[in-house]
Amino acid sequence: MFYITIHFLLLTIMTLSLPLRNVFVQGAFQAVSSPSTVTTRLRIAAADGRCHNYWYNISNNNLFSKSSPSLSYSAIHTGCRNDGTSSTTALGSHHRLWSKRRSNHIQSIVVDPFRSVVQGRKHNAVVGVPQMRPSSSSSSNNNDEVANDFLTRDVFLSSQILSFLGECGKVIGGLTAFFLGYSLIYLYFNQGNMIYLPELEGIPRQNSCNPRGYRTPAEYNLLYEEHNIMTQDGISIHAWLLLQPHSKEEKVPTIIFFHGNAGNIGIRLPNAQQMYSLLKANILMVDYRAYGDSDTAKKPSEKGLKLDSEAALNFAINHPNVDPSQIFIYGQSLGGAAAFHIAEYAQKNDIHLAGLIVENTFLSIPRMVDVIFPFLSSPFLKELLLRNKWDSETIATKVKVPILYIVGEKDEIVPTSHGKELYERSLKSSIYTMLHLVKGGTHNETWMQGGSKYWDTMKMFLSQALACRSRPLDGSPKEKGE
């Protein structure tokens, strides 16, 4: 990001410098081609290190030195040289000057008024931007000559510097275009690897490779079942179902736990254990495809994770120890986007969900791009490049199930404003909506930093959401909680 910003800054500087360069070059061209002039002064730095003033007479094509008239040079615009070499360049374009004096080690020089660049055929020579002088120049005073000398030198140096900057601008512009193009191509083809992270440094993919305490629910002496759930596209996803004793007889709620974008369900066991113990609910924990102990035949994607979440819901509905009328969906971060999809999927398929709990989730991937990659905030670029959308902000205005938003006020990844905006959008459609802000809550640790109030809020929401079951989803007055 830093290097791309620097490239854009340098490109801007180069672009702004090009018009200035053109001003100096245009002035040089006008000086040479003006029909009202007779002679043009050139400052030539020869290979011997000496700098000379020469006067170029346009009318007779002679180049001479006022200080040393004996240093006479011949010049030609169109015609033939004595040795047969010809030049057909027009006045105001290139002027080819031939030297008759070899003491300065200049055999030939080319004056290009458009670029103010002169090269010697044998040795390099430098010619300043031409300054016009009338035929009566011999009568001018010394002060004018000194002033003209400084003007010639300053304009020449400015033109050379701007010419150099212009060339640098082309190089930097090309490099910037290359790296920007490469970045966009990389983003398009590798965005899945940027969003979905089954493995991280220090976090293995498989649950059995986790540190102790994060490998299996048995380490917490929990009653659980281990399952492999088949998705619609033939992928097997791994799941743990933490069951309360006599769960179906006591009609306890079941929470489907969708985790964030990094790591397996094993590293979420402490969170799930607290949820299991304090809320007295069954917990169904699911590894997305290519995560944890799930099938790795297909890479994670938005389409794939949506199929995984649908398979998890259908599994829970048909499980003999789960009450299908008390199924809640919990999603943290990316899991919140999966939870919103399930809410929309259930509503379209006439599946009744008891409620939705989302924690530190985002509005959509395009809205997150505005935060992480602001230079790609153009709607056209996002539509062109992003293959993963997770458009929760649109779904939030449609789903009618009760929703609890938990937002950590110190979330370092997802802006707090995303959760608050989702809450505002849900007020138009959801029959019961709550917003709980956790002071000091960070992205992954809000459940630990929220204290007892965090769990009390969740308990109250479960109770209120279940109380809404007897109400029609599209009719009666709504309740709003905060």
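Data block above holds the structure.
In this text, all values refer to a predicted model and were calculated from it rather than measured experimentally. (Residues numbered from 1 in each chain as written. Predicted model: local features only at pLDDT ≥ 70, side-chain atom pairs only at ≥ 80, totals over all residues. Heavy atoms only, no water.)

*Asks:* Let's hear about the pairing of strand 16 (residues 355-359): which residues, and what values?
*Replies:* Counting buried positions over the 5 residues of strand 16 gives 5, a clear majority of the element. Of the two faces of strand 16, the one carrying Gly355, Ile357 and Glu359 and the one carrying Leu356 and Val358 are both buried. Where strand 15 (residues 327-332) and strand 16 come together, 5 bridges link them in parallel fashion. Across the sheet, glutamine 332 pairs through a bridge with glutamate 359, a residue of strand 16. Crossover connection from strand 15 via helix 5 (residues 334-348) to parallel strand 16: handedness right-handed. Bridge count between strand 16 and strand 17 (residues 403-408): 4 bridges; the pairing is parallel. Residue pairing across strands places leucine 356 opposite isoleucine 403, the latter belonging to strand 17. (Buried < 20%, exposed > 50% of the residue type's maximum accessible area, 1.4 Å probe, protein only. Helix = DSSP H or I, 4+ residues; strand = E, 2+ residues; numbered from the N terminus. Pairing = 2+ DSSP bridges. Right-handed = clockwise from strand over helix to strand, strands pointing away.)

*Asks:* A description of the layout of surface pockets should follow, citing residues and the corresponding values.
*Replies:* Roughly 830 Å³ of volume is contained in the largest pocket. Together, 35 residues line the largest pocket, and Asn261, Ala262, Ser333, Ile413 and His443 are the ones closest to its centre. Only helix 2 (142-195), helix 3 (269-279), strand 15, helix 6 (365-372) and helix 10 (446-449) provide two or more residues apiece to the lining of the largest pocket. By residue class, the composition of the lining of the largest pocket is 23 nonpolar, 9 polar and 3 charged. What lines the second largest pocket is a set of 14 residues, and nearest its centre among them are Gly192, Asn193, Tyr196, Lys299 and Pro300. (1 Å grid on protein atoms, 1.4 Å probe; cavity = no way out; pocket = protein on both sides within 12 Å on 5 of 7 lines; lining within 4 Å. Points joined across faces, edges and corners; volume = space filled by probe spheres on them. Nonpolar A, V, L, I, M, F, W, Y, C, P; charged D, E, K, R; others polar.)

*Asks:* Tell me what's going on with the environment of lysine 398, and back it up with residues and numbers.
*Replies:* Looking at the secondary structure, you find lysine 398 in the loop between helix 8 (392-395) and strand 17. Given a relative accessible area of 44%, lysine 398 falls into the partly exposed group.

*Asks:* Please set out unusual backbone geometry residue by residue, giving values where relevant.
*Replies:* The backbone of serine 333 sits at a positive phi, close to 60°, despite the residue not being glycine. Along the chain, serine 333 turns up in the loop between strand 15 and helix 5. Taking the relative accessible area as the measure of exposure, serine 333 reaches 7% and is therefore buried. A positive phi is found at tryptophan 390, a non-glycine position, where the angle reads about 45°. Turning to its location among the elements, tryptophan 390 is positioned in the loop between helix 7 (379-385) and helix 8.

*Asks:* Could you give an account of the side chain of threonine 361, naming the residues involved and the relevant values?
*Replies:* As for its placement among the helices and strands, threonine 361 is situated in the loop between strand 16 and helix 6. Reaching out from threonine 361, the side chain makes a polar contact with the backbone oxygen of serine 333 at a distance of 2.8 Å. Not counting chain neighbours up to four residues away, the residues in contact with threonine 361 comprise Ser333, Gly336, Ala337, Phe340, Val414, His418, Gly419 and Leu422. (Polar contact = N/O pair within 3.5 Å; in protein donor to acceptor, adjacent residues only side chain to side chain. Contact = heavy atoms within 4.5 Å.)

*Asks:* Explain helix 6 to me, and be specific about the residues and the numbers.
*Replies:* Within the sequence span of helix 6, burial applies to Ile365, Pro366, Met368 and Val369. Viewed along the axis of helix 6, the buried residues span an arc of 155°, placing them on a single side of the element. Between a side-chain oxygen at the N-terminus of helix 6 and the backbone nitrogen of arginine 367 the separation is 3.2 Å; the capping residue is serine 364. (Arc of directions from axis to C-beta.)

*Asks:* For helix 11 (residues 451-467), give the residues involved together with the corresponding values.
*Replies:* Spanning 17 residues, helix 11 covers 25 Å between terminal C-alpha atoms, matching the ideal 24 Å at 1.5 Å per step. Tyr454, Trp455, Thr457, Met458, Phe461, Leu462, Ala465 and Leu466 are the residues of helix 11 that are buried. Seen along its axis, helix 11 keeps its buried residues to an arc of 160°; they face one direction. The exposed set on the far side of helix 11, more than 90 degrees from its buried face, consists of Ser452 and Lys453. Taken together, the buried residues of helix 11 touch helix 3, strand 15, strand 16, strand 17, strand 18 (432-438) and helix 10. (Expected span 1.5 Å × (residues − 1).)

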